[in-house]
Amino acid sequence: MNIKTVENNNTDEKLRYVFRHYLFNYLSVQLNRIEYSDLQDKETYFVTAFDMFFRVCRCLTRKEMDLSGINMLLTYMSKMEEQIDYKKLKSKMFEFENGVYSWEELKEQAVALHKSLVTEVLRSLPFDKEINVGVYGIGEHTKKMLKSYKEYVGEIRANLVFLDSNAESNSITYDDKPVYNIRDVRDEELEIVIISSCRYQDELYYTISERNVNSMIIKLYTQVKDTFDFFI
């Protein structure tokens, strides 16, 4: 079996671990705290967490940024908008070690960085080739992946074949195309199969590997634990 893992950066494992350690552990703690704190504490937790984010970012180049970490940050910001009066957020300036920013400026930077990084991942996928490409997974992850590709990269030229572990072949459709059960797909029909799931990537990979298929298998995530979807 030919297996390819899409690398969204060139980070070595030590840098990747440091980035995950600070963003996932530290921001997760702050995210939980804002649920049970008053307004002043919410702002304090946010500034402290975001300042830590900037500290970590300065230690890494753009190529070394972790895409799922950026998604964690954007999720954190959305949570803040739910917990704090949005008008107050928009009018407040946040002072960090590397400068003073408005909420909109911070969010704009995070969104722009996410777009840049996710585009790199999308460009590595074979959707621009006129070949049969299996997409294993018919959930929200696939919907967001295809939507992001069309928005950030362009037209999908590949013939997409949607695969599922449970649905009977041709019993349902996805994106106006029939869905096939993974057990009914012959190797020669698909040159490449993309596992389109973060949470269930390992499970889907195990299922397809049991069949000993000869197609190239693309795994999007190098590790699934504590990882957010690339696509939002």
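Refer to the structure above for everything that follows.
First, a word on what this report is: a plain description of the structure on this page. Quantities reported herein were computed from a predicted structural model and do not represent experimental measurements.

### Focus on the overall build of the protein chain
Move 1: Counting its regular elements, the protein chain contains seven helices and nine strands.
Move 2: Residues classed as buried in the protein chain amount to 46% of the 232 residues present.
Move 3: Relative to all contacts within the protein chain whose residues are 6 or more apart in sequence, the contacts with residues 24 or more apart total 71%.

### Comments concerning the environment of arginine 123
Move 1: Summarising the element assignment, arginine 123 is placed in helix H5 (residues 103–123).
Move 2: It is 9.0 Å that separates the C-alpha atoms of arginine 123 and tyrosine 152, two residues lying 29 residues apart in sequence.
Move 3: For arginine 123, the residues in contact, after removing those within four places along its chain, are Tyr152 and Val153.

### A word on the environment of methionine 77
Move 1: Relative to the assigned elements, methionine 77 resides in helix H3 (residues 67–83).
Move 2: Each C-alpha atom of the pair methionine 77 and lysine 107 lies 7.6 Å from the other, and the pair is 30 residues apart in sequence.

### Observations concerning the pairing of strand S4 (residues 132–136)
Looking along a regular strand, one sees the side chains alternate between the two faces of the sheet.
Move 1: In terms of burial, S4 is largely enclosed, as four of its five residues are buried.
Move 2: In this sheet, strand S5 (residues 159–164) lies alongside S4 in parallel orientation, the contact comprising five bridges. Across the sheet, residue valine 135 finds its bridge partner in S5, namely phenylalanine 162.

### What about helix H6 (residues 140–152)?
Move 1: Relative to the 18 Å expected for 13 residues at 1.5 Å per residue, H6 spans 18 Å between its end C-alpha atoms, a close match to the ideal helical length.
Move 2: Looking at H6, one finds that the buried residues are His141, Thr142, Met145, Leu146, Ser148 and Tyr149. Take H6 and look down its axis: the buried residues cluster within an arc of 160 degrees, on one side only. Projecting away from the buried face of H6 at angles above 90 degrees are the exposed residues Glu140, Lys143, Lys147 and Glu151.

### Side note on the nonpolar core
Move 1: Formed by 40 residues in total, the largest nonpolar core has its most connected members in Leu125, Phe127, Met145, Leu160, Leu220 and Phe231.
Move 2: Taken together, the elements giving at least two residues each to this core come down to H3, H5, S4, H6, S5 and strand S8 (192–195).
Move 3: No other element matches H5, which puts eight residues into this core.
Move 4: Residues Ile182, Val185, Val193 and Tyr205 belong to the second largest nonpolar core, which totals 13 residues.

### Observations concerning H5
Move 1: In this model, H5 (21 residues) spans 30 Å end to end at C-alpha, consistent with the 30 Å of a helix rising 1.5 Å per residue.
Move 2: Listing the buried residues of H5 in full gives Trp103, Leu106, Ala110, Leu113, His114, Leu117, Val118, Thr119, Val121 and Leu122.

### Quick word on the packing of aromatic side chains
Move 1: For the structure on display, the rule yields four aromatic pairs.
Move 2: The interplanar angle of 85 degrees and the centroid separation of 5.1 Å between the aromatic rings of phenylalanine 127 and tyrosine 149 together place this pair among those described as edge-to-face. On the criterion of sequence distance, the pair formed by phenylalanine 127 in the loop between H5 and S4 and tyrosine 149 in helix H6 is long-range, its members being 22 residues apart.
Move 3: Consider the rings of tyrosine 221 and phenylalanine 230, whose centres lie 4.3 Å apart with planes at 40 degrees: the pair is tilted.
Move 4: A residue is classified by how much of its surface remains accessible, and tyrosine 221, at 1% relative accessible area, is buried.
Move 5: Taken together, the aromatic side chains of Tyr221, Phe230 and Phe231 make up a single cluster linked through ring pairs.

Reading the values: the criteria
- Residues numbered from 1 in each chain as written.
- Predicted model: local features only at pLDDT ≥ 70, side-chain atom pairs only at ≥ 80, totals over all residues.
- Heavy atoms only, no water.
- Helix = DSSP H or I, 4+ residues; strand = E, 2+ residues; numbered from the N terminus.
- Buried < 20%, exposed > 50% of the residue type's maximum accessible area, 1.4 Å probe, protein only.
- Contact = heavy atoms within 4.5 Å.
- Pairing = 2+ DSSP bridges.
- Expected span 1.5 Å × (residues − 1).
- Arc of directions from axis to C-beta.
- Core = buried A, V, L, I, M, F, W, Y, C linked by side-chain atoms within 4.5 Å.
- Phe/Tyr/Trp six-rings, centres within 6.5 Å; stacked < 30°, edge-to-face > 60°.

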